[in-house]
Amino acid sequence: MSELLKSQYDSVFSKPLTRLRVEDQNEFFMREPQNLINTSLSDVILTPNDFEQAINDMPMHSAPGPDSWNSVFIKNCKKPLSRAFSILWRGSMDTGVVPQLLKTTDIAPLHKGGSKATAKNYRPIALTSHIIKIFERVLRSKITTHLETHQLHNPGQHGFRTGRSCLSQLLDHYDKVLNALEDKKNADVIYTDFAKAFDKCDHGVIAHKMRAKGITGKVGRWIYNFLTNRTQRVVVNRVKSEAATVKSSVPQGTVLAPILFLILISDIDKDVSHSTVSSFADDTRICMTVSSIADTSKLQADINQIFQWAAENNMKFNDEKFQLLRYGKHEEIKSSSEYKTNSGHTIERNTNVKDLGVIMSEDLTFKDHNIVSIASARKMTGWIMRTFKTREAKPMMTLFRSLVLSRLEYCCTLTAPFKAGEIADLENVQRTFTARITEIKHLNYWERLRFLNLYSLERRRERYMIIYTWKILEGLVPNLHTKITHYESKRLGRRCTIPPMKSRGVTSTLRDHTISVRGPRLFNCLPAHIRGITNRPLAVFKLALDKHLKSVPDQPGCGSYVGLRAASSNSLVDQALIHQEAWSQTGPRGR
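Just so we're clear, the structure is a prediction, and the values are computed from it rather than from any experiment. What you see as residue numbers is a count from 1 along each chain, following the sequence as written. At least 70 in pLDDT is required for a residue's local features to be given in this predicted model, at least 80 for side-chain atom pairs to be given and counted, and no such filter applies to totals for whole chains, interfaces and linings, which use all residues. Working from all heavy atoms in the structure, the side-chain values ignore hydrogens and water.

**Quick notes on the overall build of the protein chain**
Phase 1 of the analysis: In this text, helices come from DSSP runs of H or I with a minimum length of four residues, and strands from runs of E with a minimum of two, each type numbered from the N-terminal end. Within the protein chain, the regular secondary structure consists of 23 helices and 14 strands.
Phase 2 of the analysis: The globule rule used for comparison is 2.2 Å times the number of residues to the exponent 0.38, while the radius of gyration itself is calculated over C-alpha atoms. For 591 residues, the compact-globule estimate of 2.2 N^0.38 gives 25 Å, and the C-alpha radius of gyration of the protein chain, at 27 Å, lies within 12% of that figure.
Phase 3 of the analysis: When the backbone C-alpha atoms are referred to their principal axes, the protein chain occupies close to 80 × 65 × 60 Å.
Phase 4 of the analysis: Any residue under 20% of the maximum accessible area for its type is buried, any over 50% is exposed, and the rest in between are partly exposed; the area is computed with a 1.4 Å probe on protein chains only. Within the protein chain, the fraction of its 591 residues that count as buried is 52%.
Phase 5 of the analysis: The contacts in the protein chain between residues at least 6 apart in sequence include a share of 72% that link residues at least 24 apart.
Phase 6 of the analysis: We get accessible surface area from the Shrake-Rupley algorithm with a probe of 1.4 Å; when it comes to residues, only the shown protein chains can shield them. Accessible area of the protein chain: about 28000 Å², with a carbon and sulfur share of 52%.
Phase 7 of the analysis: Neither His nor the chain ends contribute to the count of charged residues, in which Lys and Arg are positive and Asp and Glu negative. Working definition for charges: the position is that of NZ of Lys, CZ of Arg, CG of Asp or CD of Glu. When the 85 basic and 58 acidic side-chain charges of the protein chain are each reduced to a single mean position, those positions are 6 Å apart. Between two residues, a contact is recorded if the distance between any of their heavy atoms is within 4.5 Å.

**Re the nonpolar core**
Phase 1 of the analysis: Nonpolar core, defined: a set of buried Ala, Val, Leu, Ile, Met, Phe, Trp, Tyr and Cys residues in which side-chain atoms within 4.5 Å join the residues together. Ranked by internal contacts, the top residues of the largest apolar core, which has 73 residues, are Trp89, Leu139, Trp222, Ile223 and Leu260.
Phase 2 of the analysis: Here Trp89 is in contact with Leu46, Phe51, Leu102, Ile131, Ile132, Phe135 and Trp222, once residues within four sequence places are set aside.
Phase 3 of the analysis: In terms of nonpolar packing, the next biggest core, distinct from the first, is built from 51 residues, Leu364, Met465, Ile466 and Phe541 among them.

**Overview of the side chain of Arg461**
Phase 1 of the analysis: Structurally, Arg461 is set in helix H18 (residues 457-473).
Phase 2 of the analysis: Whenever a carboxyl oxygen of Asp or Glu lies within 4 Å of a side-chain nitrogen of Lys or Arg, that contact is scored as a salt bridge. Here Arg461 is buried and forms no salt bridge, its nearest opposite-charge partner Glu427 lying at an N-O distance of 5.0 Å.
Phase 3 of the analysis: Residues contacting Arg461, with those up to four places away along its chain left out, are Cys412, Ala416, Pro417, Ile423 and Leu426.

**Considering the pairing of strand S1 (residues 104-111)**
Phase 1 of the analysis: Here a strand pair is declared whenever DSSP counts at least two bridges between the two strands. Where S1 and strand S4 (residues 230-236) come together, 4 bridges link them in parallel fashion. For Ile107, the partnering residue across the bridge sits in S4 and is Val234.
Phase 2 of the analysis: Sheet topology note: the S1/strand S2 (residues 122-127) ladder contains 6 bridges and is antiparallel. Across the sheet, Ala108 pairs through a bridge with Ile125, a residue of S2.

**Looking at helix H8 (residues 203-212)**
Phase 1 of the analysis: With 8 of 10 residues buried, H8 lies mostly within the body of the structure.
Phase 2 of the analysis: Residues of H8 that are buried include every one of His203, Gly204, Val205, Ile206, Ala207, Lys209, Met210 and Arg211, and no others.
Phase 3 of the analysis: Looking at the buried positions of H8, the neighbouring elements they touch are helix H2 (25-30), helix H9 (217-227), strand S6 (244-246), helix H10 (257-265) and helix H11 (293-312).
Phase 4 of the analysis: By the criterion applied in these results, polar contacts are pairs of N or O atoms within 3.5 Å in which, for protein atoms, one can donate a hydrogen and the other can accept it, and in which residues neighboring in sequence qualify only through two side-chain atoms. N-capping of H8 is provided by Asp202, with a side-chain oxygen placed 2.8 Å from the backbone N of Gly204.
Phase 5 of the analysis: Where H8 terminates, the next one or two residues include Gly214, which has phi positive at roughly 85°.

**So, the pairing of strand S12 (residues 358-361)**
Phase 1 of the analysis: Alternating residues of S12 divide into Val358 and Met360 and Ile359 and Ser361, and every residue in both groups is buried.
Phase 2 of the analysis: In textbook terms, the turn of a hairpin is the stretch between consecutive antiparallel strands, and for strand S11 (residues 352-355) and S12 this stretch comprises 2 residues, one of which, Leu356, has a positive phi near 55°.

**Details of the packing of helix H5 (residues 78-95) against helix H6 (residues 130-149)**
Phase 1 of the analysis: Inter-axis angles, ranging from 0 to 180 degrees, are taken between N-to-C directions of lines fitted to C-alpha atoms, where helices are fitted over the stretch in contact. Between H5 and H6, whose axes approach to 11 Å, the crossing angle comes to 75°. Relative to H6, H5 is oriented roughly perpendicular. For the pair H5 and H6, the contacting residues are Phe85, Leu88, Trp89 and Met93 in the first and Ile131, Ile132, Ile134, Phe135 and Leu139 in the second.
Phase 2 of the analysis: Of the residues assigned to the contact of H5 with H6, the class counts are 9 nonpolar, no polar and no charged. In these notes the angle categories are as follows: under 35 degrees is roughly parallel, over 145 is roughly antiparallel, 65 to 115 is roughly perpendicular, and the rest is oblique. Polarity classes work like this: nonpolar for Ala, Val, Leu, Ile, Met, Phe, Trp, Tyr, Cys and Pro, charged for Asp, Glu, Lys and Arg, and polar for all others, with Gly in that last group.

**Structural notes on the environment of Glu474**
Phase 1 of the analysis: Looking at the element boundaries, Glu474 is found in the loop between H18 and strand S13 (486-489).
Phase 2 of the analysis: When neighbours within four sequence positions are excluded, Glu474 is seen to be in contact with Arg494, Ile533, Thr534 and Asn535.

**A short note on a positive patch on the surface**
Phase 1 of the analysis: Like-charged residues within 9 Å of one another, or nonpolar side chains (Val, Leu, Ile, Met, Phe, Trp, Tyr) within 5 Å, are grouped into patches, provided each residue has over 30% relative accessible area and no salt bridge. Where like charges cluster on the molecular surface, the positive patch consists of Lys112, Arg123, Lys196 and Lys321.
Phase 2 of the analysis: With respect to the helices and strands, the residue Lys112 is situated in the loop between S1 and S2.

**Here's the deal with the packing of helix H13 (residues 367-387) against helix H16 (residues 420-434)**
Phase 1 of the analysis: Interaxial distance between H13 and H16 falls to 10 Å at its minimum, and their mutual angle equals 10°. When the axes of H13 and H16 are compared, the pair comes out roughly parallel. Contact residues: H13 offers Lys367, Asn370, Ile374, Ala377, Arg378, Thr381, Ile384 and Met385, while H16 offers Glu422, Asp425, Leu426, Asn428, Val429, Thr432 and Phe433.
Phase 2 of the analysis: Considering only residue class, the contact of H13 with H16 consists of 7 nonpolar, 4 polar and 4 charged.

**Some words on the confidence of the model for the protein chain**
Phase 1 of the analysis: Confidence of the predictor in every single residue is expressed as pLDDT, which spans 0 to 100. Of all residues in the protein chain, 96% have pLDDT values of 70 or greater, and the mean over the chain is 91.
Phase 2 of the analysis: Within the protein chain, H13 carries the highest mean pLDDT (97), whereas helix H23 (residues 572-590) carries the lowest (61).
Phase 3 of the analysis: Taken as a whole, residues 586-591 scores under 50 in pLDDT and shows 3 contacts with residues more than four places along the chain or in a different chain.

**A word on the environment of Arg407**
Phase 1 of the analysis: Along the chain, Arg407 turns up in helix H14 (residues 393-409).
Phase 2 of the analysis: For Arg407, a relative accessible area of 32% gives the class partly exposed.
Phase 3 of the analysis: Here the alpha-carbon distance between Arg407 and Ala375, two residues 32 residues apart in the chain, equals 9.3 Å.
Phase 4 of the analysis: Beyond its immediate sequence surroundings of up to four residues, Arg407 is in contact with Ser373, Ser376, Ala377 and Met380.
Phase 5 of the analysis: A distance of 2.9 Å separates polar atoms of two side chains, one belonging to Arg407 and the other to Ser376.

Structure follows, in structure tokens:
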């Protein structure tokens, strides 16, 4: 079994390009590069404190690699080991040699579905030595600082970058599409699919791109030695296969693999002239505003350039898995044009596509996504009720927060519904769950929320929007196409600018509920002292925000007692307005 799986995993590697092979590491990395960036990362300072911090960041119970070094032992002995590691890896960096044992990977196969007798149905889980992963964490920090400081990342890349995430990429992409619709144009989006992206990375290609980004000298030489001459073995029931040579790939299971992949893919859009390319690691989409048939030809030319990039960089696309979403009202353009891959395969048009875990639909709403999320949450709720006998508040709410909420709130800053019926459908998941808790099942939903010290799902979503807006204002997350701005008022303090509407109808309704409009509105309804919190840790802002939210009624609109609510909705904007009016009538004197 281990030999069969070894053959399967060995088959995915690509054949290295001869023209980009690095024959002499010293000559390639140690000589001064010309016509490249002015600032280079050729060496790093290594201190025991760097290694101690890296050990702190290491998960406590992560599995050991082939050398059997235990993470618990390393963390408990971090003080003496940090000094030893700093000496060990300083020597490795100076000589450019990585011990062969530390370049060996054990592969644990994990069944991912389908027939258990088929080797390709097992996902390889790579286990590498903790000793080298600790140094990789130190080195990754230095490389990341170099790339971010000199803006050497692809601006459309959101994967494995500080302050960026699936949410930041989706918010940016959604705003681009909505901008096109507001301008009365279409927007076509091509979703690409790499074939074994991380396994087919050519080491020679990575070496040339590292050098182009100023990663040279001892650092570049060490990384190239780290990448090359690696071996891996498949372990099944403690039986190991013969060692196989790793011909390509950024080594999975290592800490440096993600940042090296970002370097490889950083110029994927270098010859793309008309559209925008955005990525989260290897998940890449091509988006273009389309107003005529001529525009579709330009997008086709950009698709061809993406395939040309893949050929030049020894990468491969799964072109049969490409997907197409076509937004906009110009049906003539959609019906009279199509897009093809380099093999002549027509890219299939879809009404919705799962994009980084969010279902994107042609109508630009998230109704389908929320329906699937609710179904998944209810399925998990049923499993909890069948599996656990207890109906006490503490274990029930622990299970709910751990297993159910994540299914309802993934990227909810983007997917939050605004129609009353859809808001109630999501809220009903929490309402029915809390009704099963023994000690409070006689209370209505509003009372249960107060007893459990729990926010409604609607209030939680608005809280996330406020926090994300604050992060944008503080520069903690990118302010890309959202373009949230603020101004200082002597009387009102820091406030966000509400952008004007560019159109009317459906698109204006969609725009009105995006983070670029809804976020500033929610932020502006906060008290001035909370809005004015700046240059402070996020925890400080959250603490002040939660203290304020506890004073604002939380009365979600599900159940027959909604008529008791003074505000027109449970939105913080409406509830805070009623709350402020009541306070102004009583004031400090009345109290």
